[in-house]
Amino acid sequence: MTAVRVVDVHAGYGGRPALRGVSAELRGGGWLAVVGPNGAGKSTLLKAVAGLLPFRGDVTLDGKRAELLSRKEKARLIGYAPQNPVLPEGLRVADYVLLGRTPHLGPLAREGRDDLSIVDNSLARLDLTGLAGRKLRTLSGGERRRAVLARVLAQRARILLLDEPTAGLDLGHAQELLELLDRLRSEDGTTVVSTVHDLTLAAQYAEELLLLADGEVAAAGAPAEVLTPDRLARHYGATADVLVASRGELVIAPTRRGPAPVNRT
Ligand SMILES: Nc1ncnc2c1ncn2[C@@H]1O[C@H](COP(=O)(O)OP(=O)(O)OP(=O)(O)O)[C@@H](O)[C@H]1O
C-alpha cells in the first residue's frame, strides 16, 4: 500500500514559492531520500507533509488525506524530526523522550509501564542510556540530535519524516542510526522519508531518491538512475565521479577541479 502520496504540491513563504508542483509516492516500508542543493525545498516538503506549513495540492498518508486527520491521529501516524528543533533545554533527556509518548497517553495523560519501557528502548537504541538523567542543555550537538531522534522513535509512528537525521553525528552513530532505520523499515514496515546531504549514504540506504532543485522535481527513481555526474554538475555545481563499490553500492566521490593531486604516498 502507498504510505505517502504527494500530488502537485505548491508551498512557499510570504508569497515566495519554495515548492512548485512536487509529486512523489512511497510504499509502506519504503525509504525515500529527498536530496538536492541548499535551498532546493527539501525541508519545506517535509514540513508540508507533516502538516506544519500550508500548501496547495494533495498529501495522502496511509490512504487518508492529511488535512482530514485530527492532530492526535497525525501525531500517531507521523514522527517528524526537524532540522533545527527548539528544545526544552531544562528537561532531562528521559523526560524529553517521554514526550514522544504523548499522542498515545489516555485522558489522564499518565504514562504507563509500557510507555516507560518504550522510552528506555528508544534511549538504548540511540546510545543515550548513560545520558538519560542529563539536562538537554548539557548535551553536545550530536547527543542533542540523538535525543530528538529517540523522542521520534518513542512515538512509534508508522511514517518517519526526518530532516537531516545524520547531521552532526559521528561516522559510527550515523551508521548505527541508518541501520536502525533500515531495520525498522524491514521488520516493522515503518516508512521513512528523510532529507540527506550525503549522497553516498542516501544511495546506500534509500530505495528511492527525489532530487529537488529550485522547488521542483529534477529527477526521481532508484539511486543509480538519479545520481549521474551530469546531474551533480547541473544541480549542485559539483564535479564528482559516481563509482560502483565492490558490493554494488554507489559511492559519490567529489573530484578536484584543478590538476590531478601530486601523489603523496
Ligand atoms: N521560514 C522561512 N521564511 C522564508 N523563506 C524560507 C523559510 N524557510 C525556507 N525558506 C526559503 O525556502 C526555500 C527552500 O528552503 P528549504 O529550507 O526547504 O531548503 P532545503 O532544500 O531544505 O535547504 P538546505 O539543504 O539548505 O537545508 C529557500 O529559498 C529558503 O530560503
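Residues numbered from 1 in each chain as written. Predicted model: local features only at pLDDT ≥ 70, side-chain atom pairs only at ≥ 80, totals over all residues.

1. Some thoughts on the overall build of the chain
Moving on, step 1. On a plain count of helices and strands, the chain comes out with nine helices and 12 strands.
Moving on, step 2. The C-alpha radius of gyration of the chain comes to 19 Å, within 12% of the 18 Å expected for a compact globule of 265 residues.
Moving on, step 3. Over its C-alpha atoms, taken along the principal directions, the chain stretches across nearly 65 × 50 × 35 Å.
Moving on, step 4. Residue burial in the chain is summarised as follows: out of 265 residues, 37% are buried.
Moving on, step 5. Considering only contacts in the chain between residues 6 or more positions apart, those separated by 24 or more positions represent 63%. (Helix = DSSP H or I, 4+ residues; strand = E, 2+ residues; numbered from the N terminus. Rg over C-alpha atoms; globule rule 2.2 N^0.38 Å. Buried ≥ 20, exposed ≤ 12 C-beta atoms within 10 Å, placed from the backbone. Contact = placed C-beta atoms within 7 Å.)

2. Here's the deal with the pairing of strand β1 (residues 2-13)
Moving on, step 1. Pairing analysis gives eight bridges linking β1 to strand β2 (residues 16-27), with the strands arranged antiparallel. Paired with Ala-11 across the bridge in β2 is Leu-19.
Moving on, step 2. Hairpin connection from β1 to β2: two residues lie between these consecutive antiparallel strands, with Gly-14 at a positive phi of about 55°. (Pairing = 2+ DSSP bridges.)

3. Quick word on the sheet that holds strand β9 (residues 208-213)
Moving on, step 1. As summarised here, the arrangement of the six strands in space is β6-β7-β8-β3-β9-β10, forming an open sheet in which the pairing is mixed. Every interior strand has two partners, whereas the edge strands, β6 (78-81) and β10 (216-221), have only one. Here the strands of the sheet are splayed against their neighbours by 15° on average, with no regard to which way each runs.
Moving on, step 2. When strand β3 (residues 31-35) meets β9, the two strands line up parallel, connected through four bridges. (Axes fitted to C-alpha atoms, helices over the stretch in contact; angles between N-to-C directions.)

4. Some points on the site of the ligand
Moving on, step 1. The immediate surroundings of the ligand are formed by Tyr-13, Ala-18, Gly-36, Asn-38, Gly-39, Ala-40, Gly-41, Lys-42, Ser-43 and Thr-44.
Moving on, step 2. Considering each element in turn, the shell around the ligand owes the most residues, three residues, to helix α1 (residues 42-49).
Moving on, step 3. Its residues assigned to classes, the shell around the ligand comprises three nonpolar, six polar and one charged. (Near = placed C-beta within 6 Å. Nonpolar A, V, L, I, M, F, W, Y, C, P; charged D, E, K, R; others polar.)

5. Describing the domain arrangement of the chain
A common way to report how large an interface is uses the accessible area buried once the components associate.
Moving on, step 1. For the chain, the assigned domains read domain 1 (1-62 + 158-222) and domain 2 (74-157).
Moving on, step 2. Spacing between the C-alpha centres of domain 1 and domain 2 amounts to 22 Å.
Moving on, step 3. Within the residue set of the side of domain 1 that touches domain 2, elements represented by two or more residues are β7 (159-163) and α6 (171-188).
Moving on, step 4. Class assignment of the residues belonging to the side of domain 1 that touches domain 2 gives a composition of 11 nonpolar, four polar and five charged. (Domains from an automatic or database assignment.)

6. A few points about the packing of helix α4 (residues 113-125) against helix α5 (residues 141-154)
Moving on, step 1. For the pair α4 and α5, the least separation of the axes is 9 Å and the interaxial angle reads 140°. With respect to α5, the axis of α4 lies oblique. For α4 against α5, the interelement crossing comes out right-handed. For the pair formed by α4 and α5, the contact residues are Ile-118, Val-119, Ser-122, Leu-123 and Arg-125 on the first element and Ala-150, Leu-153 and Ala-154 on the second. (Parallel < 35°, antiparallel > 145°, perpendicular 65-115°, else oblique. Left-handed = near helix turned anticlockwise from the far one by under 90°.)

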